[in-house]
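Structure assessment
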Amino acid sequence: MLKGKKILIGITGSIAAYKIPILVRLLIKEGAQVKVLMTSSACDFVTPLTLSTLSQNPVYIEPFNKENGSWTSHIELGSWADALLLAPLSANTLAKVATGITDNLLTASYLAARCPVFFAPAMDMDMFQHITTQRNITTLLSFGHHLIAPTSGELASGLTGFGRMEEPENIVMVLNAFFAKQQTLSGKKVLITSGPTVEAIDAVRYISNHSSGKMGNALALEAAMRGAQVTLISGPVKSVPEHPNIHVIRITTAAELYDQCASCFPGTDITIMASAVADYYDPNPAPEKLKKTDEPLVLKLEKTQDILAALGKQKASNQTLVGFALETEDEINNATKKLNTKNLDYIVLNSLKNEGAGFSTPTNQVSILDKQGGITHFSLKTKERVATDIFDFILKK
């Protein structure tokens, strides 16, 4: 799928730059055309001569060449590429591209790029896990860029953890998969529900859960990048993805979610219910803040509408309906019961017992159950890769 594709690689100052010559050779072997951009600090880790020889193209570092008086146009570079790959992407340059700082040829070319952008962060695990880095990654994902997440392994510091840049062979696989799947959902309408619902108790208190919406956001982006027209119905979360193929509907309560799903579901081809819906609500929330007294506070809660079951009853033969099950005990049996009683095609199971899975984490570990009794297990991955696995599974079936 890479034959004839134009790949622009932006290398920043990271020890992981030593992997890029291997990556360039693999891309050339796949039939791609490769050009390389480097920051000045990247030159401390890998030489421009090596990359120029392997790519069979000049390496671009500075916008102005003082030796011959020539000018390198960042506009032309950004327009040339079918894909821009920032690898390795240091914490420093990650922060720059997330905020629009343009102080070198690489960041200027990034802003001028009209093509899909892939980024492969590489840094020590404490830097990678820092709230600032995670916020910047979330920002790039909200732009519709593609994260090639670092893996867990031995780092330059001698520590072991997340922050190690993905291996060149796997980066090539990601690029191949992207160009192969660009149109796998073209013409399809996909509905994703995401995040928590919030049910008021009084003017300031509510019933909810710890859902961050990260899994739903990842699913919406994955579907959009495959060419689908996506409706994302999201509860109150910090951010939702921005993509021309994604229409976002904001809701707060389970009742609002039900109304929006009832309206959108009939016209969809694939629906994935990844939201964490409150099972109970207070039908008579207090209009003012409840004051503390010496008496126990008793809340009379009622069940919320079972949205998934309602959609299962409406589901046509040409529609695919996927549910999520977050369990803490007897996971397989509980998920299987939910799959069958609610007339789902598939259910995605994850357990809070699995370290790194569940609410608010950047990773998840899932199993997918189908109506024929099959169970497909997946390893712990970033939620973006889990979203890829889920759509690959649906399309394969």
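Our structure's up above, just so we're on the same page.
A brief look at the structure comes next. (Residues numbered from 1 in each chain as written. Predicted model: local features only at pLDDT ≥ 70, side-chain atom pairs only at ≥ 80, totals over all residues. Heavy atoms only, no water.)

1. Some thoughts on the sheet that holds strand β6 (residues 83–89)
Inclusion rule: Any two strands with at least two DSSP-identified bridges between them are counted as paired. Secondary structure is summarised from DSSP: a helix means a run of H or I of at least four residues, a strand means a run of E of at least two, and numbering begins at the N terminus for each. Contacts: residue pairs with any heavy atoms within 4.5 Å of one another. Throughout, an axis means a line fitted to C-alpha atoms (over the contacting stretch in the case of helices), and angles, computed between N-to-C directions, take values from 0 to 180 degrees.
Within the open sheet, the six strands sit side by side as β3-β2-β1-β6-β7-β8. Their pairing is parallel. Here the strands that pair on one side only, and so sit at the sheet edges, are β3 (59–60) and β8 (146–147). With four bridges joining them, strand β1 (residues 6–11) and β6 adopt parallel strand pairing. Residue pairing for β6: Gly-10 is matched across the bridge by Leu-86. In this fold helix α2 (residues 48–55) packs onto β1, β2 (33–38) and β3, with an angle of close to 165° to the strand it touches most, β2.

2. A word on the environment of Ile-207
In this structure, Ile-207 sits in strand β13 (residues 206–207). With 71 residues separating them along the chain, Ile-207 and Ala-278 place their C-alpha atoms 7.4 Å apart. Ignoring sequence-local partners within four residues, the contact set of Ile-207 consists of Thr-197, Val-198, Glu-199, Ile-201, Tyr-280 and Leu-301.

3. A closer look at helix α12 (residues 331–341)
Put simply, the test is: Here's how the labels work: a residue is buried when its accessible area is under 20% of the maximum for its type, exposed when over 50%, partly exposed in between, all with a 1.4 Å probe on protein chains only. Starting at the helix axis, one direction is taken to each C-beta atom, and the arc is that of these directions.
All buried positions along α12 are accounted for by Glu-331, Ala-335 and Leu-339. All buried residues of α12 lie within an arc of 60° about the axis, which places them on one face of the element. Seen from the open side of α12, the exposed residues pointing more than 90 degrees away from its buried face are Asn-333, Lys-337 and Thr-341. The secondary structure elements touched by the buried residues of α12 are β19 (320–327), β20 (346–351) and β22 (367–370). Directly beyond the C-terminal end of α12, a positive phi value near 55° is found at Asn-343.

4. Examining the pairing of strand β16 (residues 270–273)
Burial along β16 is two-sided: Ile-270 and Ile-272 and Thr-271 and Met-273, pointing in opposite directions, are all buried. Pairing between strand β11 (residues 189–194) and β16: four bridges, direction parallel. Note that in β16 the partner of Val-190 across the bridge is Ile-270.

5. A short note on the nonpolar core
The criterion, for reference: Among the buried residues, those of types Ala, Val, Leu, Ile, Met, Phe, Trp, Tyr and Cys that are joined through side-chain atoms within 4.5 Å form a nonpolar core.
Among the nonpolar cores identified, the biggest contains 59 residues, and Ile-192, Leu-219, Val-230, Ile-272 and Ile-390 are the most heavily contacted of them. The element contributing the most residues to this core is helix α9 (residues 214–225), with eight residues. Beyond its immediate stretch of four places on either side in the chain, Ile-272 contacts Leu-191, Ile-192, Thr-193, Leu-219, Val-322, Phe-324, Ile-390, Phe-391 and Ile-394. With 31 residues, the next largest nonpolar core counts Ile-9, Ala-17, Val-34 and Ile-171 among its residues.

6. A word on the packing of aromatic side chains
Heads up, the rule is: Each pair of aromatic rings taken from Phe, Tyr and Trp, with Trp reduced to its six-membered ring, is defined by centres within 6.5 Å and is described as stacked if the planes are under 30 degrees apart, edge-to-face if over 60, and tilted in the remaining cases. Charge-over-ring placement is defined geometrically: NZ (Lys) or CZ (Arg) within 6 Å of the ring centre, and within 35 degrees of the ring normal.
In the structure shown here, the tally under the stated rule is three aromatic pairs. Centroid distance Phe-178 to Phe-179: 5.1 Å. Interplanar angle 75°. Geometry classified as edge-to-face. A centroid spacing of 5.3 Å and a plane angle of 85° characterise the contact between Tyr-346 and Phe-393, whose relative ring orientation is edge-to-face. Here Tyr-346 is found in strand β20, whereas its partner Phe-393 is found in helix α13 (residues 383–396), with 47 residues between them in sequence. By the burial criterion, Tyr-346 is buried, and Phe-393 matches it. Three or more aromatic residues joined by ring pairs make a cluster, and in this case those are Phe-118, Phe-178 and Phe-179. Its end group placed over the ring of Trp-80, Lys-35 keeps NZ or CZ at 4.6 Å from the ring centre.

7. Here's the deal with a nonpolar patch on the surface
How we decide: Each patch is assembled from residues with relative accessible area greater than 30% and no salt bridge, linking like charges that lie within 9 Å and nonpolar side chains (Val, Leu, Ile, Met, Phe, Trp, Tyr) that lie within 5 Å. Computed with the Shrake-Rupley method and a 1.4 Å probe, the accessible areas treat only the protein chains shown as cover for residues. Salt-bridge detection follows one rule: a side-chain nitrogen of Lys or Arg within 4 Å of a carboxyl oxygen of Asp or Glu.
On the surface, Tyr-280, Leu-297, Leu-299 and Leu-301 cluster together into a nonpolar patch covering about 370 Å² of accessible area. Secondary-structure assignment places Leu-297 in the loop between β17 (280–281) and β18 (302–303). Judged by relative accessible area, which is 61%, Leu-297 ranks as exposed.

8. Focus: the sheet that holds β19
On the basis of which strands lie adjacent, the open sheet formed by eight strands has the order β15-β14-β11-β16-β19-β20-β22-β23 and mixed pairing. Where the open sheet ends on each side, the last strands, each with one partner, are β15 (246–250) and β23 (375–377). Between one strand axis and the next, the sheet turns by 15° as a mean value, whatever way the strands run. Sheet topology note: the β22/β23 ladder contains three bridges and is antiparallel.

9. A word on unusual backbone geometry
Cis rather than trans, the peptide bond between Ala-87 and Pro-88 has omega equal to -10°. With respect to the secondary-structure elements, Pro-88 resides in strand β6. Look at Gln-56: it is not a glycine, yet its phi comes out positive at around 65°. For Gln-56, a relative accessible area of 62% corresponds to the exposed category. One non-glycine residue with positive phi stands out, namely Asp-330, at about 45°. Inspection of the secondary structure assignment puts Asp-330 in the loop between β19 and α12.

10. Considerations on the side chain of Asp-345
Test applied: Within 3.5 Å is the distance limit for a polar contact, defined as a pair of N or O atoms, with the added protein rule that one can donate a hydrogen and the other accept it, and that residues adjacent in sequence qualify only through two side-chain atoms.
In this structure, Asp-345 sits in the loop between α12 and β20. Of note is the side chain of Asp-345, whose polar atom sits 2.8 Å from the backbone nitrogen of Leu-321. Ignoring any residue separated from it by four or fewer positions in sequence, one finds Asp-345 in contact with Lys-315, Gln-319, Thr-320, Leu-321, Leu-339, Leu-369, Asp-370 and Lys-371.

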